[in-house]
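For reference, the chains in residue letters:
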Amino acid sequence: MKLYTLKSVQLIQKPIEEVFTFFSKPENLSVITPPKLGFKILTPRPIEMGAGRLIDYKIYLLGIPIHWRTLITDFNPPHMFVDQQIKGPYTMWHHTHTFHKVKDGVEIRDQVVYSIPFSFIGQILNYLWIRKDLENIFKHRKKVIDKLFENDDYKSYTSDSIMEK
């Protein structure tokens, strides 16, 4: 099984507790995910995060609905959490989210280690499409996150009752 790694780093000029609170609410994934994926949470809300928590989503890839289930395997507020795919489009998906207090705010680091099904064909698909698509998803997230935190709009999404926008 061939493994691929995708990394992303972003600086947010807010307190670490506020940043972690936003990111640790699965409901906020729909805010930062590109609309083309048609992201929808299937797990009943509110979702209390913690190690051992299963979360179900639906996304659309090339117009095909995909059921995605993740397990939170590690949860250490306000510094990190890990979600792993249990069911979904990848052979393996392991996403580590870390939050480090720095002089100007918080450094957010994402590391995704993933594997594609279909052996050699999967490797070609990753080279031609999947990796670029994932990089574009993270670029989209970065833009949305910058705008949300710059305008303090994230506060609408960090309260106990998530506001739909």
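The shown structure was predicted, so the numbers you read here are calculated from the model rather than taken from an experiment.

**Q** So what exactly am I meant to see when it comes to a nonpolar patch on the surface here?
**A** Together, L62, I64, F120, I124, Y127, L128 and W129 make up a nonpolar patch on the protein surface, roughly 810 Å² of accessible area in all. Looking at the nonpolar patch element by element, the count peaks at five residues for helix α3 (residues 119-150). Its location among the elements puts Y127 in helix α3. Since its relative accessible area comes to 64%, Y127 is described here as exposed.

**Q** Please clarify how the layout of surface pockets should be interpreted in this entry.
**A** Where empty space is left in the structure can be found by rolling a water-sized probe over the atoms. Taken as a whole, the largest pocket spans an internal volume of roughly 800 Å³. Along the wall of the largest pocket there are 39 residues; nearest its centre are I59, W68, Y90, W93 and L134.

**Q** Please explain the sheet that holds strand β2 (residues 40-41) as it appears in this structure.
**A** Sheet strands pair by backbone hydrogen bonding; their relative direction is either parallel or antiparallel. The antiparallel open sheet is built from seven strands, whose spatial order is β1-β7-β6-β5-β4-β3-β2. Only two strands of the sheet have a single neighbouring strand rather than two, namely β1 (4-12) and β2. One ladder, built from 11 bridges, connects strand β6 (residues 92-102) with strand β7 (residues 105-115); its direction is antiparallel. The partner of H94 across the bridge, within β7, is V113. Packed onto the sheet, helix α1 (residues 16-23) meets β1, β4 (64-76), β5 (80-87), β6 and β7 and runs at close to 160° relative to β6. Docked against the sheet, α3 engages β1, β6 and β7, running at close to 10° with respect to β1.

**Q** Is there a simple way to explain the pairing of strand β3 (residues 54-61) in this structure?
**A** Every regular strand shows the same layout, with side chains that alternate between the two sheet faces. Relative to β3, β2 runs antiparallel, the two sharing two bridges. Residue pairing for β3: K40 is matched across the bridge by K58. Here β3 folds back onto β4 in antiparallel fashion, the turn holding two residues, of which L62 has a positive phi close to 55°.

**Q** Just to check I follow, could you spell out the environment of I12 for this structure?
**A** Considering the arrangement of structural elements, one finds I12 in strand β1. For I12, a relative accessible area of 3% puts it in the buried group. Considered as a pair, I12 and E107 are 95 residues apart in the sequence and their alpha carbons are 6.5 Å apart. Sequence-distant contacts of I12, defined by excluding residues within four places in its chain, comprise V19, D104, G105, V106, I108, I145, D146 and F149.

**Q** Would you take a moment to explain the pairing of β5 for this structure?
**A** Sheet topology note: the β4/β5 ladder contains seven bridges and is antiparallel. Residue pairing across strands places T70 opposite Q85, the latter belonging to β5. Count of turn residues in the β4/β5 antiparallel hairpin: three residues. In this sheet, β6 lies alongside β5 in antiparallel orientation, the contact comprising five bridges. Across the sheet, M80 pairs through a bridge with T98, a residue of β6. Joining the antiparallel neighbours β5 and β6 is a turn of four residues.

**Q** Sorry if this is basic, but what is going on with unusual backbone geometry here?
**A** Trans is the prevailing form of peptide bonds, just as negative phi is the prevailing case for residues other than glycine. Residue R45 is joined to P46 through a cis peptide bond whose omega torsion reads -5°. Locating P46 in the fold gives a position in the loop between β2 and β3. Put simply, P77 and P78 share a cis peptide bond, and its omega is -10°. One can find P78 in the loop between β4 and β5. The backbone of L62 shows a phi angle near 55°, a positive value even though the residue is not glycine. With respect to the element layout, L62 can be found in the loop between β3 and β4.

Cut-off values and rules
Residues numbered from 1 in each chain as written. Predicted model: local features only at pLDDT ≥ 70, side-chain atom pairs only at ≥ 80, totals over all residues. Heavy atoms only, no water. Patch = residues over 30% accessible without salt bridge, like charges linked within 9 Å, V, L, I, M, F, W, Y side chains within 5 Å. Areas by Shrake-Rupley, 256 points an atom, 1.4 Å probe, with all protein chains shown as cover. Salt bridge = Lys/Arg side-chain N within 4 Å of Asp/Glu carboxyl O. Helix = DSSP H or I, 4+ residues; strand = E, 2+ residues; numbered from the N terminus. Buried < 20%, exposed > 50% of the residue type's maximum accessible area, 1.4 Å probe, protein only. 1 Å grid on protein atoms, 1.4 Å probe; cavity = no way out; pocket = protein on both sides within 12 Å on 5 of 7 lines; lining within 4 Å. Points joined across faces, edges and corners; volume = space filled by probe spheres on them. Pairing = 2+ DSSP bridges. Contact = heavy atoms within 4.5 Å. Axes fitted to C-alpha atoms, helices over the stretch in contact; angles between N-to-C directions.

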